[in-house]
Amino acid sequence: MVSVLERQEVRVRPTGAALAADIEGVDLAGTLMPETIAAIERAWGDHLVLRFRGQKLSDDDLMHFSRQLGELDWAPVAATNDAPEGRAYVMVVSNVVENGQAIGQLGAYEALWHTDMSYIAEPPMASALYSLEAPPSGGDTGFCNMYQALETLPTDLRRAVEGKTCIHDASRNSAGELRRGFVDAPDATQTVGAEHPIVRTHPATGRKALFLGRRRNAYIRGLSLADSEALLDALWAHASKDEFTWYQKWHAGDLILWDNRSVMHRRDAFDPAARRVMHRTQIKGDRPS
């Protein structure tokens, strides 16, 4: 049950990496004071990824916290856990099988670097991922600072992407699985999905960031397939350098909030015999520009 407003002291502890900070002193299972939300949003703008440890959240709590940051977005249809009405905003990310049925999506294998749902016209602005069960090792989630990736881009690459747009493939998810109702394009010039600028302006901070989405079947409008592939390979090789990243090793009760407009993320594979159960919400965004 959502509690009444409660004053909480927000403590921000940066990780010291290219992004991410721990937020301490905040219980997310309730309605937060406006000044608490404002402090969280300031830290979020500074660090792009926030970690809240030791949380005890129901799905209602998770949705309520997310709604205090923006309008909830529907979970992808294929990812909902046959939730009752009103709970279809929660995506279950899990490898667990019960009574012969998977309780969630994305299994135990690696998920490649990606931006959530960049293949739609208005991708979500943010995601909140809450850990109910975590494996003893593996399944870590990496995050990448796309502001820094752009700011350190070599001059020739920066010139090459100015004014360019990229088509983001809608046919496969971040684990490479073909979505229902889609077929593989014969080549990337035939990719079906939304078209977005490669350099986008963050609507809240005004800063520019690389916006790459997913690598597979991406295509830069107006280039030959060979030139598009070469430019995208160079951009991805640069953006995924270790110096732009930070990794979350999960524990039950961790909640990670990330900015989908300035961050990419990925997941390490883990032992499929170990249990990993995460619940995720996402917050509506706008059209990248």
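Above this note sits the structure.
Not measured: the values here are computed from a predicted model.

Cut-offs applied
Residues numbered from 1 in each chain as written. Predicted model: local features only at pLDDT ≥ 70, side-chain atom pairs only at ≥ 80, totals over all residues. Heavy atoms only, no water. Helix = DSSP H or I, 4+ residues; strand = E, 2+ residues; numbered from the N terminus. Buried < 20%, exposed > 50% of the residue type's maximum accessible area, 1.4 Å probe, protein only. Contact = heavy atoms within 4.5 Å. Areas by Shrake-Rupley, 256 points an atom, 1.4 Å probe, with all protein chains shown as cover. Core = buried A, V, L, I, M, F, W, Y, C linked by side-chain atoms within 4.5 Å. 1 Å grid on protein atoms, 1.4 Å probe; cavity = no way out; pocket = protein on both sides within 12 Å on 5 of 7 lines; lining within 4 Å. Points joined across faces, edges and corners; volume = space filled by probe spheres on them. Nonpolar A, V, L, I, M, F, W, Y, C, P; charged D, E, K, R; others polar. Pairing = 2+ DSSP bridges. Salt bridge = Lys/Arg side-chain N within 4 Å of Asp/Glu carboxyl O.

Novice: Which residues make up the overall build of the chain, and what values go with them?
Specialist: Secondary structure summary: the chain contains five helices and 20 strands in total. Here the chain holds 289 residues, and the buried ones make up 52% of them. Relative to all contacts within the chain whose residues are 6 or more apart in sequence, the contacts with residues 24 or more apart total 79%. On the chain, roughly 13000 Å² of surface is accessible, and the fraction owed to carbon and sulfur atoms is 50%.

Novice: Could you give an account of the nonpolar core, with specific residues and numbers?
Specialist: In summary, soluble globular proteins display a tendency toward joint burial of nonpolar side chains. Judged by nonpolar contacts, the single largest core of 41 residues is most densely connected at Val49, Met146 and Leu210. Among the secondary structure elements, those contributing two or more residues to this core are β5 (91-94), β11 (141-145), α3 (146-151), α4 (155-161), β15 (208-210), α5 (225-239), β18 (255-259) and β19 (263-267). Considering each element in turn, this core owes the most residues, five residues, to α5. If you look at the next biggest cluster of nonpolar residues, it comprises 23 residues, including Val26, Trp44, Leu69 and Ala128.

Novice: Now, about empty space enclosed by the protein: what can you tell me, with residues and values included?
Specialist: To find leftover empty space, a probe the size of one water molecule is rolled over the atoms. Tallied over the full model, the rule gives one cavity of 30 Å³ or more. Its volume calculated, the largest cavity comes out at about 30 Å³. Ala134, Pro135, Gly138, Asp140, Lys249 and Trp250 together form the lining of the largest cavity. Split by residue class, the lining of the largest cavity holds three nonpolar, one polar and two charged.

Novice: Can you tell me about unusual backbone geometry, naming the residues and giving the values?
Specialist: With a phi close to 55°, Asn99 is a non-glycine residue in the positive phi region. With respect to the helices and strands, the residue Asn99 is situated in the loop between β6 (97-98) and β7 (101-102). The exposure class of Asn99 is exposed, given its relative accessible area of 83%.

Novice: Tell me what's going on with the sheet that holds strand β13 (residues 195-197), and back it up with residues and numbers.
Specialist: The antiparallel open sheet is built from three strands, whose spatial order is β13-β12-β16. Bordering the open sheet on either side are β13 and β16 (219-220), each of which pairs with just one other strand. The pairing of strand β12 (residues 165-167) with β16 spans two bridges and is antiparallel. Paired with Cys166 across the two strands is Ile220, which belongs to β16.

Novice: I'd like to hear about the pattern of salt bridges, residue by residue, with values.
Specialist: Overall, the coordinates contain 17 salt bridges when judged by the stated rule. The shortest N-O distance in the salt bridge between Asp22 and Arg51 comes to 2.5 Å. Taken together, the positions of Asp22 in strand β2 (residues 21-24) and Arg51 in strand β3 (residues 49-52) put the pair 29 residues apart, joining distant regions of the chain. A relative accessible area of 9% means that Arg51 is categorised as buried. For Glu98, the salt bridge is made with Arg275, and the minimal N-O distance between the two is 3.8 Å. Of this pair, Glu98 sits in strand β6 while Arg275 sits in the loop between β19 and β20 (277-283), and the two are 177 residues apart along the sequence. Several salt bridges converge on common partners, so that one network encompasses Arg11, Arg13 and Glu24.

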